[in-house]
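Topology and contacts: notes
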Amino acid sequence: SQQGEEDPQALSIQEGENATMNCSYKTSINNLQWYRQNSGRGLVHLILIRSNEREKHSGRLRVTLDTSKKSSSLLITASRAADTASYFCATQKNSGYSTLTFGKGTMLLVSP
Amino acid sequence: GAGVSQSPSNKVTEKGKDVELRCDPISGHTALYWYRQSLGQGLEFLIYFQGNSAPDKSGLPSDRFSAERTGGSVSTLTIQRTQQEDSAVYLCASSFDGSQPQHFGDGTRLSIL
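Calculation rules
- Here the residue numbers are simple positions, counted from 1 along each chain's written sequence.
- Whichever chain is written first becomes A and whichever ligand is written first becomes 1, with later ones labelled in order.
- This being a predicted model, a pLDDT of at least 70 is required before a residue's local features are given, and a value of 80 or more before pairs of side-chain atoms are given or counted; all residues contribute to the totals for chains, interfaces and linings.
- Excluded from the side-chain calculation are hydrogens and water; included are all heavy atoms of the structure.
- The helix and strand labels rest on DSSP assignments: H or I over at least four residues marks a helix, E over at least two residues marks a strand, and numbering proceeds from the N terminus.
- It only takes one pair of heavy atoms within 4.5 Å for two residues to be counted as in contact.
- Buried area is a sum: the accessible area each of two parts loses on coming together, probed at 1.4 Å, counted once for each and added.
- Any carboxyl oxygen of Asp or Glu that lies within 4 Å of a side-chain nitrogen of Lys or Arg is treated as forming a salt bridge with it.
- We call two N or O atoms a polar contact when they sit within 3.5 Å, provided that within protein one can donate a hydrogen and the other can accept it, with sequence-adjacent residues counted only if both atoms are side-chain atoms.
- Lys, Arg, Asp and Glu make up the charged group, whereas Ala, Val, Leu, Ile, Met, Phe, Trp, Tyr, Cys and Pro make up the nonpolar group; the residues left over, Gly among them, are polar.
- By nonpolar core we mean a set of buried residues, namely Ala, Val, Leu, Ile, Met, Phe, Trp, Tyr and Cys, connected to one another through side-chain atoms within 4.5 Å.
- Under the scheme applied here, a residue whose accessible area is under 20% of the maximum for its type counts as buried, over 50% as exposed, and between as partly exposed, the area being computed with a 1.4 Å probe on protein chains only.

Quick word on unusual backbone geometry
Each neighbour pair has its own omega, and for Asp7 of chain A with Pro8 of chain A the value is 0 degrees, a cis peptide bond. Structurally, the position occupied by Pro8 of chain A is in the loop between strand E1 (5–7) and strand E2 (10–14). Residues Ser7 of chain B and Pro8 of chain B are joined by a peptide bond in cis, for which omega reads -10 degrees. Assignment of secondary structure puts Pro8 of chain B in the loop between strand E1 (5–7) and strand E2 (10–13). Here the phi dihedral of Lys70 of chain A falls at roughly 50 degrees; this positive angle occurs in a residue that is not glycine. Residue position: Lys70 of chain A is located in the loop between strand E7 (61–66) and strand E8 (71–76). Positive phi, normally seen in glycine, also occurs at Ala78 of chain A, with a value near 45 degrees. Relative to the elements of secondary structure, Ala78 of chain A occurs in the loop between E8 and strand E9 (85–92).

This is the structure:
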């Protein structure tokens, strides 16, 4: 079953604009991760945020986590055409090994 | 190699045939995972290896699916008596251990005619 649910399902913006994607989940988690998938390729890990963290930055990426609302957001600032891809959130219940449960993803299109 | 390598990249076969999909993880990564991705969907977990053992096989959809890992490295996912609903992209990932972010291969696109 899907743990994470992203919205919107699809997002179309112009280069230079910011893109915000949201993820909601159902059960308690140890961490939440965001991955990017270019068409026909595997997933690339972007950022991991732990349950005791509220915000994390990596380059043009900003991730927030609200455990009380069981939700996370991924903000991509000053988007580029190369950011066009599908973005997935994935949750992990425990530290150490536990299954990563993925949502269905948000398809982002950045037009030049 | 530097990344996770999967072969073949594409496989077309007839319903009822057996298929083998191969995954070569990043050197030194003890954890290996198989996922299935259907069109427009997220990833469905299939199986997890730690070393050569598979402590979590909970995602395998039926007994037609099996996987093994030898030498703590290469893994093979086997689907017997393939059905049309098995058509999907099969992704392999590895990580240094079970708690670290996963590195994915580009997948095998399996089409069952």
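Past the structure itself, the notes keep going.
Let's talk about the interface of chain B and chain A
Between chain B and chain A, the contact holds 18 residues from the first and 19 residues from the second. Where chain B abuts chain A, roughly 1500 Å² becomes buried across the two surfaces, and 53% of that area is made up of carbon and sulfur atoms. On the surface where chain B and chain A come into contact, there are one salt bridge. We note a salt bridge from Asp106 of chain B to Arg41 of chain A, for which the minimum N-O separation is 2.9 Å. At the junction of chain B and chain A, the tally comes to five residue pairs in polar contact (both at pLDDT 80 or more). Of all the secondary-structure elements, those providing two or more residues to the side of chain B that touches chain A are strand E4 (31–37) and strand E5 (43–50) of chain B. In terms of residue class, the side of chain B that touches chain A is built from eight nonpolar, eight polar and two charged.

Some words on the nonpolar core
Residues Leu32, Trp34, Leu74, Ile76, Tyr87 and Leu108 of chain A are the most contacted members of the largest nonpolar core, which totals 21 residues. Within the residue set of this core, elements represented by two or more residues are strand E3 (19–24), strand E4 (31–37), strand E5 (43–50), E7, E8, E9 and strand E11 (106–111) of chain A. Other than its neighbours up to four places away in sequence, Leu32 of chain A contacts Cys23, Tyr25, Ile47, Leu48, Ile49, Leu65, Ser72, Cys89, Ala90 and Thr91 of chain A. Ranked by size, the runner-up nonpolar core spans 19 residues in total, among them Leu46, Leu77, Leu110 and Ile112 of chain B.

So yeah, pure geometry; function would need other evidence.
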